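Architecture at a glance
What follows is each chain in one-letter form.
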Amino acid sequence: MDLEKTLERLLDNYPAKVYKNRKAHVLEKTSDDELLEVAANARTIPGIISSRGCCYAGCKGVVVGPTNDIVTITHGPIGCGYYSWLTRRNKAVARGDNKTDFIQYCFSTDMQESDIVFGGVKKLTQAVQEAYDIFHPKAICICATCPVGLIGDDINAVASSMTEKLGIKVIAFSCEGYKGVSQSAGHHIANNQLMKYVVGTGERKVGKYAINILGEYNIGGDAWEVERVLKKIGYEIISTFTGDGSIDDYSCAHKASLNLVQCHRSINYIAEMLKTKYGTDWVKVNFIGVKSMSKALRDIALYFGDPELSERTEQVIAEEVADIEDRMDYYKKRLTGKTAALYVGGSRAHHYQLLLKELGISTIMAGYEFAHRDDYEGREVISSIKVDADSKNIETITVEPDESKFHVYLSKEQYESLKDKIPLDYYAGLIKEMDKGALIIDDLNHYETEQILNYLKPDIFFSGVKDKFVAQKNGVLSRQLHSYDYSGPYAGFKGAVNFARDVDMGIYSPTWKFAVAPWKKSTVLEGNLTGGEE
């Protein structure tokens, strides 16, 4: 496979300005020692069909939406209802005295033309009141879409007045879709508001090994499987941000002794603010794959430094691995030698490469939809990243240590001795663990997707729903890693087997031998352009 030629063909059809821009987003890893700089978190070129979501999608669709006991109202036209409802398979279970679970519902103010002209504040106020009267939620969140920012509706004023009137938290998120360059801006805004109005407002007694799981959204039941194993070892999970999460749990997140960061991009802001305000360290974890899950569990135990906890961790790992070992070996024999391409968000394009490697599948291309440079290159590059105009319209909040609630688990000496052994307050990024010779492509578009499938011919293409059908129309198996195509869970030990089973089932399905694009088997109309008189 001549990657240099592939890159040349991939970019050759672009106009000069587009070529220059995209070239900085498309790289090849030629050696393990090479320092690559990826042009990430930059605005998509107008006219290119990107698979990115908007700021509102990142706030409501990713971070706020999976919380099960709050009502989240989209203030905007009903067309934004795509993310008003549940678009990913974030699972939740009804809990509490009222058995509440609101993530199945779609709440929207359904702004009309008259609301755009005369303002939608009255309609929003009425919607908040109706939601409270009907559902009596523990909190109400308001997420703004593009028109709201353009006409100037003061959603924060509505939230403030309704908080006072109703006696519950009403929180406004100014996450208009046009902010930032992708859904990443919405993650940041959601993190800010949760830290401002929720985290640190509750109290509860916690045990010795109290943890938070950050950046886990319970797609297909992932969080439940991870929580099962962690509880089996003996950890107390204060909160999961935000898969099957509860606002009461978020309010006590500051009580944890350690934060586990799964999806770095969507939640690193909260991890950093918890560290600054309350002293809580965070560890970057990967719960995808047998080896990665085992390493994460050992890293967590190493942080707490208790020999009994480490021993219990090893017992649980041994039990879980023994239960799945034969099935994983079976799938590895069938899948070894296959190739994959990944284009997904969060840390998934990184995490799933390691699980694929366990199954004998090599990743020939990987990239993120909405990553920043540190997601590719590691957090050491953060200080060198220049903030552009698109990022400056996202509020950056600063927090100060809370003297009454500040607590540290490790002494300075313990911290220094551990930081080289485990990913303590650090993420190494995607590139370091990629195979030599693989392609890194940021903000992959539909044209490039088709070219990659034609040139590299992967056996399977992992993506979100927007790219899935581009691949399948080209006769290439594609599976979603944003919603798991109605399967899952894929996290943890048992999740690894589910993933291997689904990949094996897809690759060995005869479907792709019979998949022929309609334009390849129907008559193509032809015509001639002529000049002159008839």
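These notes cover the structure that comes with them. Small disclaimer: the values here were computed from a predicted structure and weren't measured.

Here we look at the sheet that holds strand β6 (residues 210-216)
- Taking strand neighbours across the sheet as the criterion, the four strands line up as β7-β6-β8-β9 in an open arrangement whose pairing is parallel. Edge positions in the sheet fall to β7 (236-242) and β9 (281-284), since each has one partner strand and no second. For this sheet, the mean inter-axis angle between neighbouring strands, taken without regard to orientation, is 25 degrees.
- Looking at chain direction, β6 and strand β8 (residues 258-261) are connected through four bridges and run parallel. Residue pairing for β8: leucine 214 is matched across the bridge by valine 261.
- Relative to the sheet, helix α10 (residues 222-233) contacts β6, β7 and β8, its axis offset from that of β6 by approximately 160 degrees.
- In the packing of helix α13 (residues 290-304) onto the sheet, the strands contacted are β6, β8 and β9, and the crossing angle to β8 comes to about 160 degrees.

Topic: the layout of surface pockets
- Of the pockets and cavities examined, the largest pocket occupies roughly 870 Å³.
- In terms of lining residues, the largest pocket is bounded by 33 residues, among which Asn41, His372, Ile385, Val387 and Ser391 are the most central.
- Broken down by secondary-structure element, the contributors of at least two residues to the lining of the largest pocket are α9 (184-197), α12 (264-278), α16 (373-377) and α17 (389-392).
- For the lining of the largest pocket, the element with the highest residue contribution is α12, accounting for five residues.
- For the lining of the largest pocket, a count of residues per class yields 14 nonpolar, 10 polar and nine charged.

A word on helix α19 (residues 446-456)
- Looking at α19, one finds that the buried residues are His446, Glu448, Thr449, Gln451, Ile452, Leu453 and Leu456.
- The opening residue of α19 is asparagine 445, an N-cap whose side-chain oxygen sits 3.1 Å from the backbone nitrogen of tyrosine 447.
- Directly beyond the C-terminal end of α19, a positive phi value near 50 degrees is found at lysine 457.

Comments concerning the packing of aromatic side chains
- Taken as a whole and judged by the stated rule, the model has 19 aromatic pairs.
- Ring geometry for phenylalanine 102 against tyrosine 105: centres 6.5 Å apart, planes inclined by 55 degrees, an arrangement best described as tilted.
- Classification of phenylalanine 102 by relative accessible area gives buried; the value is 6%.
- Overall, the relative accessible area of 41% leaves tyrosine 105 in the partly exposed class.
- Ring geometry for tyrosine 235 versus phenylalanine 304: centroids 5.9 Å apart, planes at 45 degrees, classification tilted. In this pair, tyrosine 235 is assigned in the loop between α10 and β7 and phenylalanine 304 in helix α13, connecting sequence segments 69 residues apart.
- One aromatic cluster is present, formed by Tyr209, Tyr235, Tyr303, Phe304 and Tyr409 through successive ring pairs.
- One residue, arginine 9, lies across the ring of tyrosine 455, its end atom 3.9 Å from the ring centre.

Calculation notes
- Residues numbered from 1 in each chain as written.
- Predicted model: local features only at pLDDT ≥ 70, side-chain atom pairs only at ≥ 80, totals over all residues.
- Heavy atoms only, no water.
- Pairing = 2+ DSSP bridges.
- Helix = DSSP H or I, 4+ residues; strand = E, 2+ residues; numbered from the N terminus.
- Axes fitted to C-alpha atoms, helices over the stretch in contact; angles between N-to-C directions.
- Contact = heavy atoms within 4.5 Å.
- 1 Å grid on protein atoms, 1.4 Å probe; cavity = no way out; pocket = protein on both sides within 12 Å on 5 of 7 lines; lining within 4 Å.
- Points joined across faces, edges and corners; volume = space filled by probe spheres on them.
- Nonpolar A, V, L, I, M, F, W, Y, C, P; charged D, E, K, R; others polar.
- Buried < 20%, exposed > 50% of the residue type's maximum accessible area, 1.4 Å probe, protein only.
- Polar contact = N/O pair within 3.5 Å; in protein donor to acceptor, adjacent residues only side chain to side chain.
- Phe/Tyr/Trp six-rings, centres within 6.5 Å; stacked < 30°, edge-to-face > 60°.
- Lys NZ or Arg CZ within 6 Å of the ring centre and 35° of its normal.

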